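Next come the chains, spelled out residue by residue.
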Amino acid sequence: MTPHRIRQVRLEGRLKRSKLPDRLFHLAVHGIGARILTLQAFLSRRVVTPEGVQARAVLVEGEHILSVVPTTDIPSGAARHDFGNAALLPGLIDSHVHVNEPGRTEWEGFQTATRAAAAGGYTMLVDMPLNCLPATTNVAALEAKRRAAEGKCRVDWAAWGGVVEGNPEDIEMLAETGVLGFKCFLVHPGVESFSKVGEQELRLALPHVARTGLPLLVHAELPGPVDTATKRLEEADWTKYATYLESRPDDAELSAIQMMLSMCREIGFRLHIVHLATGKALGDLEAARVEGLPVSVETCPHYLHLVAETIADGATLCKCAPPIRSRENRERLWQGLRDSVIDLVVTDHSPCPPELKRLDEGNFRTAWGGIASLSVALAVVWTDAHSRGFSLTDVARWMAEQPARLAGCDGRKGRLAAGYDADLVVFDPDDEFTVSEDRLHYRHAMSPYLGETLRGTVKKTYVRGKLVFDSGEFPGEAIGREFRQ
Ligand SMILES: [Zn+2]
(Lines give C-alpha, C1' and ligand atoms only; values in the text may rest on other atoms or scores of the structure.)
Protein backbone atom coordinates (compact mmCIF):
# COMPACT_ATOMS: atom_id res chain seq x y z
CA MET A 1 0.00 0.00 0.00
CA THR A 2 1.15 3.51 -0.76
CA PRO A 3 1.52 5.90 2.19
CA HIS A 4 -1.51 7.78 0.86
CA ARG A 5 -3.65 4.62 0.85
CA ILE A 6 -2.49 3.74 4.37
CA ARG A 7 -3.61 7.16 5.60
CA GLN A 8 -6.90 6.74 3.77
CA VAL A 9 -7.58 3.35 5.37
CA ARG A 10 -6.79 4.76 8.80
CA LEU A 11 -9.20 7.63 8.19
CA GLU A 12 -11.85 5.19 7.00
CA GLY A 13 -11.62 3.35 10.30
CA ARG A 14 -11.88 6.55 12.30
CA LEU A 15 -14.80 7.87 10.34
CA LYS A 16 -16.67 4.56 10.54
CA ARG A 17 -16.44 4.75 14.29
CA SER A 18 -17.80 8.31 14.09
CA LYS A 19 -21.07 7.03 12.55
CA LEU A 20 -21.10 9.60 9.77
CA PRO A 21 -23.90 9.22 7.23
CA ASP A 22 -22.76 7.26 4.14
CA ARG A 23 -22.70 10.15 1.70
CA LEU A 24 -20.60 12.31 4.00
CA PHE A 25 -18.39 9.37 4.82
CA HIS A 26 -17.67 8.90 1.13
CA LEU A 27 -16.97 12.61 0.75
CA ALA A 28 -14.63 12.60 3.74
CA VAL A 29 -12.58 9.64 2.61
CA HIS A 30 -12.37 10.32 -1.08
CA GLY A 31 -12.63 14.09 -1.00
CA ILE A 32 -11.83 16.11 -4.06
CA GLY A 33 -9.29 14.17 -6.07
CA ALA A 34 -8.73 11.88 -3.03
CA ARG A 35 -6.17 14.26 -1.58
CA ILE A 36 -5.00 13.77 1.96
CA LEU A 37 -7.61 15.05 4.30
CA THR A 38 -7.37 16.94 7.50
CA LEU A 39 -10.49 16.83 9.53
CA GLN A 40 -11.11 19.71 11.92
CA ALA A 41 -13.67 19.66 14.72
CA PHE A 42 -14.97 23.02 15.98
CA LEU A 43 -16.67 22.49 19.32
CA SER A 44 -18.84 24.74 21.41
CA ARG A 45 -21.55 24.39 24.02
CA ARG A 46 -23.49 26.92 21.97
CA VAL A 47 -23.44 26.01 18.28
CA VAL A 48 -26.07 28.11 16.51
CA THR A 49 -27.96 26.12 13.89
CA PRO A 50 -31.39 26.76 12.35
CA GLU A 51 -32.71 24.16 14.82
CA GLY A 52 -31.49 26.11 17.83
CA VAL A 53 -28.48 26.51 20.11
CA GLN A 54 -26.89 23.24 21.19
CA ALA A 55 -23.59 21.68 22.31
CA ARG A 56 -22.21 20.33 19.04
CA ALA A 57 -19.09 19.82 16.97
CA VAL A 58 -18.90 21.21 13.47
CA LEU A 59 -16.74 18.80 11.45
CA VAL A 60 -14.85 20.54 8.69
CA GLU A 61 -12.91 18.95 5.86
CA GLY A 62 -10.99 21.38 3.71
CA GLU A 63 -13.33 24.25 2.86
CA HIS A 64 -16.60 22.57 3.73
CA ILE A 65 -18.72 21.47 6.65
CA LEU A 66 -18.91 17.72 6.65
CA SER A 67 -21.43 17.40 9.42
CA VAL A 68 -22.67 18.90 12.67
CA VAL A 69 -22.56 16.15 15.30
CA PRO A 70 -22.88 15.60 19.07
CA THR A 71 -19.51 16.23 20.71
CA THR A 72 -19.29 12.53 21.63
CA ASP A 73 -19.15 11.63 17.91
CA ILE A 74 -15.96 13.44 16.96
CA PRO A 75 -13.61 11.15 14.99
CA SER A 76 -10.48 10.52 17.06
CA GLY A 77 -8.00 11.87 14.52
CA ALA A 78 -9.71 15.21 14.03
CA ALA A 79 -7.90 18.41 15.02
CA ARG A 80 -10.00 19.84 17.84
CA HIS A 81 -10.77 23.52 18.41
CA ASP A 82 -12.79 23.74 21.61
CA PHE A 83 -14.40 27.13 22.19
CA GLY A 84 -16.22 26.13 25.38
CA ASN A 85 -18.99 28.58 26.22
CA ALA A 86 -18.33 30.96 23.35
CA ALA A 87 -20.99 30.62 20.66
CA LEU A 88 -20.26 29.30 17.19
CA LEU A 89 -22.30 31.08 14.52
CA PRO A 90 -22.40 30.78 10.75
CA GLY A 91 -20.21 33.43 9.12
CA LEU A 92 -22.29 36.59 8.71
CA ILE A 93 -23.13 37.83 5.24
CA ASP A 94 -23.41 41.53 4.60
CA SER A 95 -25.40 42.10 1.44
CA HIS A 96 -25.19 45.89 1.74
CA VAL A 97 -21.64 47.27 1.70
CA HIS A 98 -20.07 50.19 -0.16
CA VAL A 99 -16.47 49.11 -0.79
CA ASN A 100 -15.80 52.12 -3.07
CA GLU A 101 -13.10 50.36 -5.08
CA PRO A 102 -12.04 50.93 -7.78
CA GLY A 103 -12.02 54.69 -7.93
CA ARG A 104 -12.59 55.93 -4.40
CA THR A 105 -10.01 54.00 -2.40
CA GLU A 106 -9.38 57.08 -0.26
CA TRP A 107 -12.90 56.38 1.10
CA GLU A 108 -12.53 52.61 1.61
CA GLY A 109 -11.27 49.61 -0.39
CA PHE A 110 -11.30 45.83 -0.60
CA GLN A 111 -8.33 45.47 1.71
CA THR A 112 -9.71 47.58 4.54
CA ALA A 113 -13.40 46.70 4.11
CA THR A 114 -12.77 42.93 4.13
CA ARG A 115 -10.38 43.26 7.08
CA ALA A 116 -13.07 45.15 9.02
CA ALA A 117 -15.57 42.51 7.91
CA ALA A 118 -13.43 39.64 9.22
CA ALA A 119 -13.09 41.45 12.56
CA GLY A 120 -16.87 41.84 12.65
CA GLY A 121 -17.63 38.17 12.03
CA TYR A 122 -18.56 38.60 8.38
CA THR A 123 -17.32 36.02 5.88
CA MET A 124 -18.90 37.45 2.74
CA LEU A 125 -19.76 40.96 1.50
CA VAL A 126 -21.86 41.97 -1.46
CA ASP A 127 -20.68 45.28 -2.85
CA MET A 128 -23.05 48.03 -3.93
CA PRO A 129 -22.62 49.28 -7.52
CA LEU A 130 -22.27 52.98 -6.73
CA ASN A 131 -19.52 55.07 -5.12
CA CYS A 132 -16.92 53.04 -7.00
CA LEU A 133 -15.63 54.46 -10.29
CA PRO A 134 -16.73 53.23 -12.73
CA ALA A 135 -20.10 52.38 -11.21
CA THR A 136 -20.96 48.70 -11.72
CA THR A 137 -23.53 49.30 -14.45
CA ASN A 138 -22.00 47.25 -17.29
CA VAL A 139 -19.75 44.24 -17.80
CA ALA A 140 -16.56 46.26 -18.33
CA ALA A 141 -17.06 47.93 -14.94
CA LEU A 142 -17.66 44.54 -13.29
CA GLU A 143 -14.40 43.26 -14.80
CA ALA A 144 -12.59 46.36 -13.50
CA LYS A 145 -13.96 45.64 -10.03
CA ARG A 146 -12.71 42.05 -10.24
CA ARG A 147 -9.23 43.25 -11.13
CA ALA A 148 -9.32 45.72 -8.24
CA ALA A 149 -10.35 43.01 -5.76
CA GLU A 150 -7.72 40.49 -6.85
CA GLY A 151 -5.52 39.35 -3.96
CA LYS A 152 -6.85 41.94 -1.49
CA CYS A 153 -9.82 40.25 0.18
CA ARG A 154 -9.81 38.59 3.60
CA VAL A 155 -13.40 37.40 3.17
CA ASP A 156 -15.45 36.32 0.16
CA TRP A 157 -17.28 38.92 -1.86
CA ALA A 158 -19.68 39.40 -4.75
CA ALA A 159 -21.17 42.34 -6.63
CA TRP A 160 -24.57 43.86 -7.19
CA GLY A 161 -25.06 45.51 -10.58
CA GLY A 162 -26.62 48.95 -10.99
CA VAL A 163 -29.89 49.80 -12.73
CA VAL A 164 -29.54 53.38 -13.94
CA GLU A 165 -30.89 55.60 -16.64
CA GLY A 166 -29.94 54.16 -20.04
CA ASN A 167 -28.57 50.70 -19.10
CA PRO A 168 -31.50 48.26 -19.65
CA GLU A 169 -29.45 46.48 -22.32
CA ASP A 170 -26.66 45.76 -19.83
CA ILE A 171 -28.87 44.10 -17.24
CA GLU A 172 -29.02 40.56 -18.59
CA MET A 173 -25.36 40.63 -19.59
CA LEU A 174 -24.39 41.64 -16.05
CA ALA A 175 -26.45 38.73 -14.71
CA GLU A 176 -24.73 36.30 -17.05
CA THR A 177 -21.32 37.66 -16.03
CA GLY A 178 -21.91 37.09 -12.33
CA VAL A 179 -23.69 39.87 -10.43
CA LEU A 180 -26.07 38.46 -7.81
CA GLY A 181 -28.81 41.04 -8.41
CA PHE A 182 -29.37 44.75 -9.01
CA LYS A 183 -29.64 48.00 -7.10
CA CYS A 184 -31.41 51.22 -8.01
CA PHE A 185 -32.08 54.59 -6.41
CA LEU A 186 -35.39 56.41 -6.65
CA VAL A 187 -33.80 59.55 -5.18
CA HIS A 188 -30.43 61.24 -5.83
CA PRO A 189 -27.80 58.82 -4.46
CA GLY A 190 -25.35 61.49 -3.29
CA VAL A 191 -22.82 60.88 -6.09
CA GLU A 192 -23.04 62.13 -9.67
CA SER A 193 -21.69 58.89 -11.19
CA PHE A 194 -24.89 56.91 -10.56
CA SER A 195 -28.26 58.22 -11.79
CA LYS A 196 -31.55 57.79 -10.03
CA VAL A 197 -34.46 56.14 -11.84
CA GLY A 198 -38.15 57.00 -11.88
CA GLU A 199 -41.18 55.04 -12.94
CA GLN A 200 -40.45 55.63 -16.63
CA GLU A 201 -36.88 54.25 -16.49
CA LEU A 202 -38.03 51.37 -14.31
CA ARG A 203 -40.63 50.34 -16.89
CA LEU A 204 -37.79 49.93 -19.40
CA ALA A 205 -35.51 48.08 -16.98
CA LEU A 206 -37.87 45.82 -15.04
CA PRO A 207 -38.73 43.31 -17.80
CA HIS A 208 -34.96 42.66 -18.14
CA VAL A 209 -34.55 42.31 -14.37
CA ALA A 210 -37.54 39.93 -14.24
CA ARG A 211 -35.97 37.72 -16.93
CA THR A 212 -32.79 37.29 -14.88
CA GLY A 213 -34.76 36.00 -11.87
CA LEU A 214 -32.43 38.08 -9.67
CA PRO A 215 -33.65 40.58 -7.07
CA LEU A 216 -33.87 44.35 -7.54
CA LEU A 217 -32.71 46.15 -4.41
CA VAL A 218 -34.37 49.53 -4.13
CA HIS A 219 -33.37 52.63 -2.18
CA ALA A 220 -36.97 53.54 -1.47
CA GLU A 221 -37.36 57.29 -0.98
CA LEU A 222 -39.19 59.39 -3.57
CA PRO A 223 -37.66 62.78 -4.38
CA GLY A 224 -41.00 64.67 -4.24
CA PRO A 225 -41.56 64.67 -0.46
CA VAL A 226 -37.80 65.18 0.18
CA ASP A 227 -37.57 68.17 -2.18
CA THR A 228 -40.74 69.81 -0.82
CA ALA A 229 -39.59 69.43 2.78
CA THR A 230 -36.05 70.61 1.99
CA LYS A 231 -37.36 73.74 0.24
CA ARG A 232 -39.44 74.59 3.27
CA LEU A 233 -36.31 74.28 5.42
CA GLU A 234 -34.15 76.57 3.27
CA GLU A 235 -33.63 79.02 6.16
CA ALA A 236 -33.56 76.44 8.94
CA ASP A 237 -30.59 75.64 11.18
CA TRP A 238 -28.92 72.67 9.50
CA THR A 239 -26.67 71.93 12.45
CA LYS A 240 -29.79 70.62 14.17
CA TYR A 241 -30.56 66.93 13.69
CA ALA A 242 -34.28 67.77 13.79
CA THR A 243 -33.88 69.82 10.59
CA TYR A 244 -32.30 66.92 8.73
CA LEU A 245 -34.95 64.50 10.00
CA GLU A 246 -37.73 66.83 8.86
CA SER A 247 -36.15 67.05 5.40
CA ARG A 248 -36.60 63.30 4.81
CA PRO A 249 -40.13 62.53 5.99
CA ASP A 250 -41.62 59.06 6.49
CA ASP A 251 -43.84 59.76 3.51
CA ALA A 252 -40.85 59.73 1.13
CA GLU A 253 -40.25 56.09 2.09
CA LEU A 254 -43.89 55.16 2.29
CA SER A 255 -44.80 56.50 -1.18
CA ALA A 256 -41.70 54.90 -2.75
CA ILE A 257 -42.53 51.52 -1.23
CA GLN A 258 -46.14 51.77 -2.41
CA MET A 259 -44.98 52.58 -5.94
CA MET A 260 -42.54 49.64 -5.98
CA LEU A 261 -45.12 47.20 -4.60
CA SER A 262 -47.55 48.16 -7.30
CA MET A 263 -44.89 47.69 -10.03
CA CYS A 264 -43.95 44.37 -8.47
CA ARG A 265 -47.58 43.28 -8.68
CA GLU A 266 -47.83 44.44 -12.29
CA ILE A 267 -44.51 43.30 -13.77
CA GLY A 268 -43.51 40.44 -11.50
CA PHE A 269 -39.89 40.65 -10.29
CA ARG A 270 -38.14 39.98 -6.99
CA LEU A 271 -38.33 43.22 -5.01
CA HIS A 272 -36.07 43.94 -2.06
CA ILE A 273 -36.41 47.11 0.03
CA VAL A 274 -33.03 48.18 1.39
CA HIS A 275 -32.52 49.95 4.72
CA LEU A 276 -36.12 50.35 5.79
CA ALA A 277 -36.11 53.21 8.29
CA THR A 278 -39.80 53.95 8.78
CA GLY A 279 -42.00 51.62 10.77
CA LYS A 280 -45.01 53.16 9.03
CA ALA A 281 -44.44 51.02 5.92
CA LEU A 282 -44.64 47.71 7.78
CA GLY A 283 -48.41 47.37 7.27
CA ASP A 284 -48.13 47.68 3.47
CA LEU A 285 -45.17 45.30 3.39
CA GLU A 286 -46.97 42.72 5.47
CA ALA A 287 -50.05 42.95 3.25
CA ALA A 288 -47.83 42.48 0.18
CA ARG A 289 -46.36 39.37 1.75
CA VAL A 290 -49.81 37.97 2.54
CA GLU A 291 -50.81 38.69 -1.05
CA GLY A 292 -47.86 36.54 -2.17
CA LEU A 293 -45.71 39.24 -3.79
CA PRO A 294 -42.00 38.29 -3.93
CA VAL A 295 -40.81 41.06 -1.62
CA SER A 296 -38.14 41.05 1.07
CA VAL A 297 -37.03 43.78 3.47
CA GLU A 298 -33.88 44.77 5.32
CA THR A 299 -33.03 47.24 8.02
CA CYS A 300 -29.67 48.26 9.54
CA PRO A 301 -28.02 48.24 12.96
CA HIS A 302 -28.18 52.04 13.26
CA TYR A 303 -31.97 52.13 12.84
CA LEU A 304 -32.28 49.41 15.49
CA HIS A 305 -29.97 51.09 17.99
CA LEU A 306 -29.84 54.88 17.63
CA VAL A 307 -32.79 57.25 18.07
CA ALA A 308 -33.37 60.81 16.87
CA GLU A 309 -34.13 62.03 20.40
CA THR A 310 -30.52 61.47 21.52
CA ILE A 311 -28.59 62.52 18.39
CA ALA A 312 -26.77 65.70 19.33
CA ASP A 313 -26.91 68.73 17.08
CA GLY A 314 -23.86 68.76 14.82
CA ALA A 315 -23.39 64.97 15.20
CA THR A 316 -23.07 64.31 11.47
CA LEU A 317 -21.56 60.87 12.15
CA CYS A 318 -25.21 59.85 12.57
CA LYS A 319 -26.28 61.17 9.15
CA CYS A 320 -27.58 58.54 6.77
CA ALA A 321 -30.47 58.29 4.35
CA PRO A 322 -33.23 57.52 5.09
CA PRO A 323 -32.61 59.11 8.49
CA ILE A 324 -32.60 57.57 11.95
CA ARG A 325 -36.08 58.30 13.29
CA SER A 326 -37.80 58.39 16.70
CA ARG A 327 -37.52 55.98 19.60
CA GLU A 328 -41.10 54.89 19.01
CA ASN A 329 -40.21 54.17 15.36
CA ARG A 330 -37.21 52.09 16.44
CA GLU A 331 -39.50 49.88 18.51
CA ARG A 332 -41.77 49.42 15.49
CA LEU A 333 -38.78 48.17 13.50
CA TRP A 334 -38.00 45.64 16.22
CA GLN A 335 -41.63 44.54 16.04
CA GLY A 336 -41.16 44.18 12.27
CA LEU A 337 -38.31 41.78 12.94
CA ARG A 338 -40.36 39.92 15.52
CA ASP A 339 -43.18 39.53 12.99
CA SER A 340 -40.72 38.54 10.22
CA VAL A 341 -41.91 41.40 8.00
CA ILE A 342 -38.29 42.56 8.10
CA ASP A 343 -36.16 39.61 6.96
CA LEU A 344 -32.58 40.73 7.37
CA VAL A 345 -30.20 43.12 9.08
CA VAL A 346 -27.23 44.41 7.07
CA THR A 347 -24.82 47.27 7.72
CA ASP A 348 -25.11 49.66 4.74
CA HIS A 349 -21.44 50.22 5.58
CA SER A 350 -20.83 53.50 3.74
CA PRO A 351 -17.63 55.23 4.82
CA CYS A 352 -16.02 58.43 3.53
CA PRO A 353 -12.91 60.48 4.33
CA PRO A 354 -13.31 62.36 7.65
CA GLU A 355 -13.46 65.79 6.02
CA LEU A 356 -16.64 64.84 4.12
CA LYS A 357 -18.47 64.34 7.41
CA ARG A 358 -17.95 68.12 8.06
CA LEU A 359 -17.40 67.41 11.73
CA ASP A 360 -16.06 70.88 12.47
CA GLU A 361 -19.10 72.73 11.12
CA GLY A 362 -21.60 69.95 11.99
CA ASN A 363 -23.76 70.76 8.99
CA PHE A 364 -26.29 68.01 8.23
CA ARG A 365 -27.05 69.50 4.83
CA THR A 366 -23.54 69.25 3.39
CA ALA A 367 -22.12 66.27 5.32
CA TRP A 368 -21.82 62.90 3.57
CA GLY A 369 -24.65 60.56 4.53
CA GLY A 370 -23.39 57.13 5.50
CA ILE A 371 -22.46 55.12 8.57
CA ALA A 372 -19.57 52.63 8.62
CA SER A 373 -20.05 49.75 11.03
CA LEU A 374 -18.67 46.45 9.65
CA SER A 375 -16.47 45.64 12.67
CA VAL A 376 -19.06 46.28 15.38
CA ALA A 377 -22.44 45.65 13.71
CA LEU A 378 -22.93 42.23 15.30
CA ALA A 379 -22.38 43.64 18.79
CA VAL A 380 -24.70 46.59 18.08
CA VAL A 381 -27.48 44.26 16.96
CA TRP A 382 -26.88 41.68 19.70
CA THR A 383 -26.87 44.33 22.45
CA ASP A 384 -30.35 45.45 21.47
CA ALA A 385 -31.66 42.01 20.45
CA HIS A 386 -30.59 40.41 23.73
CA SER A 387 -32.25 43.12 25.81
CA ARG A 388 -35.52 42.46 23.93
CA GLY A 389 -35.43 38.70 24.49
CA PHE A 390 -34.21 37.56 21.05
CA SER A 391 -31.80 34.65 20.71
CA LEU A 392 -28.60 34.02 18.77
CA THR A 393 -30.68 31.88 16.40
CA ASP A 394 -32.67 35.02 15.48
CA VAL A 395 -29.47 37.00 14.93
CA ALA A 396 -27.99 34.24 12.74
CA ARG A 397 -31.20 34.19 10.70
CA TRP A 398 -31.18 38.00 10.19
CA MET A 399 -27.45 38.40 9.57
CA ALA A 400 -26.41 35.17 7.82
CA GLU A 401 -29.23 32.99 6.55
CA GLN A 402 -31.53 35.64 5.11
CA PRO A 403 -28.83 37.79 3.45
CA ALA A 404 -27.54 34.55 1.86
CA ARG A 405 -30.99 33.87 0.51
CA LEU A 406 -31.26 37.39 -0.93
CA ALA A 407 -27.88 37.01 -2.62
CA GLY A 408 -28.72 33.52 -3.92
CA CYS A 409 -25.87 31.82 -2.07
CA ASP A 410 -28.11 30.08 0.47
CA GLY A 411 -27.17 26.64 -0.84
CA ARG A 412 -23.55 27.21 0.16
CA LYS A 413 -23.43 29.93 2.79
CA GLY A 414 -25.33 31.30 5.78
CA ARG A 415 -25.84 28.13 7.83
CA LEU A 416 -23.90 25.66 9.90
CA ALA A 417 -25.00 22.54 8.07
CA ALA A 418 -23.50 19.64 6.12
CA GLY A 419 -22.21 20.59 2.68
CA TYR A 420 -22.01 24.33 3.44
CA ASP A 421 -18.85 26.43 3.26
CA ALA A 422 -16.97 26.25 6.57
CA ASP A 423 -17.56 29.95 7.35
CA LEU A 424 -17.61 30.23 11.13
CA VAL A 425 -17.60 32.91 13.81
CA VAL A 426 -16.58 32.42 17.41
CA PHE A 427 -18.64 34.96 19.34
CA ASP A 428 -18.72 35.51 23.09
CA PRO A 429 -22.25 36.78 23.64
CA ASP A 430 -21.72 37.65 27.31
CA ASP A 431 -18.54 39.69 27.00
CA GLU A 432 -18.82 43.49 27.06
CA PHE A 433 -16.48 46.00 25.47
CA THR A 434 -16.22 49.71 24.81
CA VAL A 435 -15.96 50.71 21.15
CA SER A 436 -12.55 52.23 20.50
CA GLU A 437 -10.82 53.26 17.26
CA ASP A 438 -8.48 50.25 17.29
CA ARG A 439 -11.47 47.92 16.95
CA LEU A 440 -12.82 49.44 13.73
CA HIS A 441 -10.26 48.23 11.15
CA TYR A 442 -11.81 50.00 8.14
CA ARG A 443 -9.98 52.84 6.40
CA HIS A 444 -11.13 55.76 8.56
CA ALA A 445 -11.79 54.95 12.21
CA MET A 446 -14.97 56.99 12.52
CA SER A 447 -18.16 55.71 14.13
CA PRO A 448 -21.22 56.99 15.96
CA TYR A 449 -20.66 54.08 18.37
CA LEU A 450 -17.23 55.20 19.65
CA GLY A 451 -17.24 55.18 23.46
CA GLU A 452 -20.35 53.02 23.73
CA THR A 453 -20.30 49.81 25.73
CA LEU A 454 -21.69 46.95 23.70
CA ARG A 455 -22.44 43.31 24.38
CA GLY A 456 -20.72 40.44 22.55
CA THR A 457 -17.23 40.14 21.08
CA VAL A 458 -16.05 38.40 17.93
CA LYS A 459 -13.09 36.20 18.95
CA LYS A 460 -12.28 34.39 15.71
CA THR A 461 -13.55 34.27 12.14
CA TYR A 462 -12.95 31.39 9.72
CA VAL A 463 -13.52 31.63 5.97
CA ARG A 464 -13.91 28.24 4.28
CA GLY A 465 -12.09 26.54 7.14
CA LYS A 466 -9.22 29.05 7.38
CA LEU A 467 -8.63 31.44 10.27
CA VAL A 468 -8.81 35.04 9.00
CA PHE A 469 -9.36 36.94 12.28
CA ASP A 470 -8.01 36.03 15.69
CA SER A 471 -8.54 38.43 18.63
CA GLY A 472 -7.42 41.59 16.85
CA GLU A 473 -4.95 39.91 14.47
CA PHE A 474 -5.38 38.93 10.83
CA PRO A 475 -3.42 35.72 10.29
CA GLY A 476 -2.66 34.22 6.89
CA GLU A 477 -3.10 35.43 3.35
CA ALA A 478 -5.96 37.37 1.82
CA ILE A 479 -7.85 34.22 0.75
CA GLY A 480 -11.20 35.84 -0.01
CA ARG A 481 -12.58 35.27 -3.48
CA GLU A 482 -15.60 36.21 -5.49
CA PHE A 483 -18.68 34.11 -4.94
CA ARG A 484 -19.96 32.87 -8.30
CA GLN A 485 -23.05 30.76 -8.90
ZN1 LIG B 1 -26.22 51.86 0.83
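Remember, predicted model here, so these are calculated numbers, not experimental data.

### A word on the packing of aromatic side chains
Link 1 in the chain: In total, this model carries 13 aromatic pairs according to the counting rule given.
Link 2 in the chain: Arranged with centres 6.1 Å apart and planes meeting at 15°, the rings of Y244 and F364 form a pair that is stacked. Taken together, the residues Y244 in helix 8 (residues 241-247) and F364 in the loop between strand 14 (344-345) and helix 13 (377-387) connect sequence positions 120 residues apart.
Link 3 in the chain: Residue F364 is classed as buried on the basis of its relative accessible area, which comes to 0%.

### Regarding the packing of helix 9 (residues 250-267) against helix 10 (residues 282-291)
Link 1 in the chain: Across the interface, helix 9 lies against helix 10 with an axial gap of 10 Å and an inter-helix angle of 10°. By the angle between their directions, the pair helix 9 and helix 10 is classed as roughly parallel. On helix 10, the residues touching L254, I257, Q258, L261 and R265 of helix 9 are D284, L285, A288 and E291.
Link 2 in the chain: Here the residues of the contact of helix 9 with helix 10 sort into 5 nonpolar, 1 polar and 3 charged.

### Side note on the sheet that holds strand 12 (residues 270-273)
Sheet strands associate in pairs through backbone hydrogen bonding, adopting either a parallel or an antiparallel arrangement.
Link 1 in the chain: Reading across the sheet, the 6 strands line up as 9-10-11-12-13-14 and stay open at both edges, with parallel pairing between neighbours. The strands lining the two open edges of the sheet, one partner per strand, are strand 9 (161-162) and strand 14.
Link 2 in the chain: Across 2 bridges, the pairing between strand 9 and strand 10 (residues 182-185) is parallel. Note that in strand 10 the partner of G161 across the bridge is F182.
Link 3 in the chain: Lying over the sheet, helix 10 contacts strand 12 and strand 13 (295-299), oriented at roughly 150° with respect to strand 13.

### As for the confidence of the model for the protein chain
Link 1 in the chain: Here the protein chain averages 93 in pLDDT, and 92% of its residues register 70 or above.
Link 2 in the chain: Within the model, pLDDT remains below 50 along residues 1-6, and this stretch shows 6 contacts once partners closer than five positions in the same chain are excluded.

### Details of helix 14 (residues 392-407)
Link 1 in the chain: An ideal rise of 1.5 Å per residue puts 22 Å on 16 residues; helix 14 measures up with 22 Å between its terminal C-alpha atoms.
Link 2 in the chain: W398 marks where helix 14 bends most, by close to 35°.
Link 3 in the chain: Where burial is concerned, most of helix 14 is hidden: 14 out of the 16 residues are buried.
Link 4 in the chain: The opening residue of helix 14, the one whose side-chain oxygen lies 3.2 Å from the backbone nitrogen of T393, is S391.
Link 5 in the chain: G408 lies just past helix 14 and shows a positive phi near 75°.

### Quick look at the pattern of salt bridges
Close approach of charged atoms allows side chains with opposite charge to pair.
Link 1 in the chain: With the rule as written, the count across this model stands at 32 salt bridges.
Link 2 in the chain: Two residues, E401 and R415, come together in a salt bridge whose shortest N-O distance is 3.2 Å. One end of the pair, E401, is in helix 14; the other, R415, is in the loop between helix 14 and strand 15 (424-434), and 14 residues separate them in sequence.
Link 3 in the chain: The exposure class assigned to E401 is buried, which follows from its relative accessible area of 18%.
Link 4 in the chain: Linked by salt bridges that have partners in common, E63, D156, K413, D421, D423, R464 and R481 make up one network.

Rules used in this analysis
Residues numbered from 1 in each chain as written. Predicted model: local features only at pLDDT ≥ 70, side-chain atom pairs only at ≥ 80, totals over all residues. Heavy atoms only, no water. Phe/Tyr/Trp six-rings, centres within 6.5 Å; stacked < 30°, edge-to-face > 60°. Helix = DSSP H or I, 4+ residues; strand = E, 2+ residues; numbered from the N terminus. Buried < 20%, exposed > 50% of the residue type's maximum accessible area, 1.4 Å probe, protein only. Axes fitted to C-alpha atoms, helices over the stretch in contact; angles between N-to-C directions. Parallel < 35°, antiparallel > 145°, perpendicular 65-115°, else oblique. Contact = heavy atoms within 4.5 Å. Nonpolar A, V, L, I, M, F, W, Y, C, P; charged D, E, K, R; others polar. Pairing = 2+ DSSP bridges. pLDDT = per-residue confidence, 0-100. Expected span 1.5 Å × (residues − 1). Bend = angle between axes of the 7 residues up to and from the residue. Polar contact = N/O pair within 3.5 Å; in protein donor to acceptor, adjacent residues only side chain to side chain. Salt bridge = Lys/Arg side-chain N within 4 Å of Asp/Glu carboxyl O.

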